[in-house]
Amino acid sequence: MASSRENAARIHHRGLVIGVDIGGSKIAAGVVTPGGRILARCRAETPDRSKSPKVVEDTICDVVAELRRDYPVRAVGVGAAGFVDEQRATVLFAPHLSWREEPLREALRTRLQLPVVVENDANAAAWAEARVGAGRDCADTVVVNLGTGIGGAVVIGGELYRGRHGMAGEFGHMTVVSGGLRCECGNRGCWEQYASGNAVTREARELAAADSPVARGLLNAVAGTPSLITGALVSELARAGDLACTELLEEAGGWLGLGLANLAAAFDPELFVVGGGVSQSGELLLAPARRAFRRSLTGRGYRPEPGIVAAELGNEAGLIGAADLARDALPRWRQGRRQSRIGGPIRIRGRSR
């Protein structure tokens, strides 16, 4: 039987790339084929935000080194939870890490001696869904991730739209209720205060804390301690038929549909892909979202209606997308190497830099 090294060598010419997904609690990495298949995985705990940037870089390099022992990879893509500049090089701000204006691409490229691309984690996950996941047959797709908050990305004409400064896709901070609930961003009425995992958890805990008779199933599940209620528990009980939890997901789905209608007015996509932890509730969330979407869609009844479907790649979307973005950047990296040897400018999409 051929070894993993021999198998990897057979497809090396197609471009094996390591994708790294950096979250608040874990760093997940994998060797990814051009078709989005993960050949090997490695995980480590994310260093606490009090640790220096170098500690985080050390951890990334460790997981990459472990995967490189058996696979001849050509590049590394990193998806980071934070603002990444338009050059996909610097993490401007990461709320769960100590990165502030951190030149991560150059630091990793110097240590790994490989081409490196850094991307926002939501963009990376969305790109994976658009490229090899639920949106693979569509050129214009909006991906919305429902987790602690709401993030996402837009793919237009088969290309990831990042905005002028690399910060597009912060959908969760659209205002949907003037003067509404206070958001961690400092504003009021943000979409993620009504349709995210945190929103479902908050509403469920408030219902249970009020000792409402309809919350009896929730309270029994947590031995009478509302603070132990999670969004995952709400989804689990709703799937088991609990009426209160079903209503909580219907309410979140209604807010989701309203926000998607706003995005449809802005981008007119062919498809919405809904991912993240809350989306695992499936049709309990998506069916009411579609109903609310149809009620709120501008020009309803006189325009094509985009589909609303669940994401397919789950928690691995971030590392798959980061790897694919790094693979796509390889031709530009090789061009840059050639240009640097002859002293000419590097021209990308009409701009010199």
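Per chain, the residues get numbers from 1 upward, laid out in the order the sequence is written. Side-chain atom pairs in this predicted model are given and counted only at pLDDT of 80 or more, local residue features only at pLDDT of at least 70, and totals for whole chains, interfaces and linings cover all residues. Neither water nor hydrogens contribute to the side-chain values; these are computed over all heavy atoms in the structure.

**Some remarks on the overall build of the protein chain**
A helix here means a DSSP run of H or I that spans at least four residues, while a strand means a run of E at least two residues long, and both kinds are numbered starting from the N terminus. A tally of regular secondary structure across the protein chain gives eleven helices and 15 strands. Taken across its 353 residues, the protein chain has 50% of its residues classed as buried. The criterion used for residue contact is that any of the two residues' heavy atoms lie within 4.5 Å. A sequence separation of at least 24 residues applies to 61% of the contacts in the protein chain between residues at least 6 apart. Under the scheme applied here, a residue whose accessible area is under 20% of the maximum for its type counts as buried, over 50% as exposed, and between as partly exposed, the area being computed with a 1.4 Å probe on protein chains only.

**Quick notes on the confidence of the model for the protein chain**
In the predicted model, the protein chain carries a mean pLDDT of 87, and 89% of its residues have values of at least 70. Below a pLDDT of 50 lies the segment residues 339-353, which in the model reaches 14 contacts outside its immediate sequence neighbourhood of four places, other chains included. Values of pLDDT, ranging from 0 to 100, describe the predictor's confidence in every residue of the model.

**Here's the deal with the environment of G19**
Residue placement: G19 occurs in strand 1 (residues 17-22). Assessed through its relative accessible area of 0%, G19 is described here as buried. Between the C-alpha atom of G19 and that of I38, which follows or precedes it by 19 residues, the distance is 9.4 Å. Sequence-distant contacts of G19, defined by excluding residues within four places in its chain, comprise A28, A29, G30, V32, G77, L319, A322 and A323.

**Description of the pattern of salt bridges**
The rule for a salt bridge is simple: a side-chain nitrogen of Lys or Arg has to be within 4 Å of a carboxyl oxygen of Asp or Glu. Tallied over the entire structure, the rule returns 16 salt bridges. Where E119 meets R88, a salt bridge forms, and the shortest distance between an N and an O atom there is 2.9 Å. Taken together, the residues E119 in strand 8 (residues 116-120) and R88 in the loop between strand 5 (83-84) and strand 6 (91-93) connect sequence positions 31 residues apart. We classify R88 as buried; its relative accessible area is 16%. Here R131 and D328 are joined by a salt bridge, their closest N and O atoms 2.9 Å apart. Linking R131 in helix 4 (residues 121-132) with D328 in helix 11 (residues 317-342), this pair joins segments that are 197 residues apart in sequence.

**Re the sheet that holds strand 6**
Think of it this way: DSSP has to see at least two bridges between two strands before they count as a pair. If you walk across this open sheet you meet the three strands as 5-6-7, and the pairing is antiparallel. Each having just a single partner strand, strand 5 and strand 7 (100-102) make up the two edges of the open sheet. Pairing between strand 6 and strand 7: two bridges, direction antiparallel. Each residue of the ladder has a partner; that of V91, found in strand 7, is E102.

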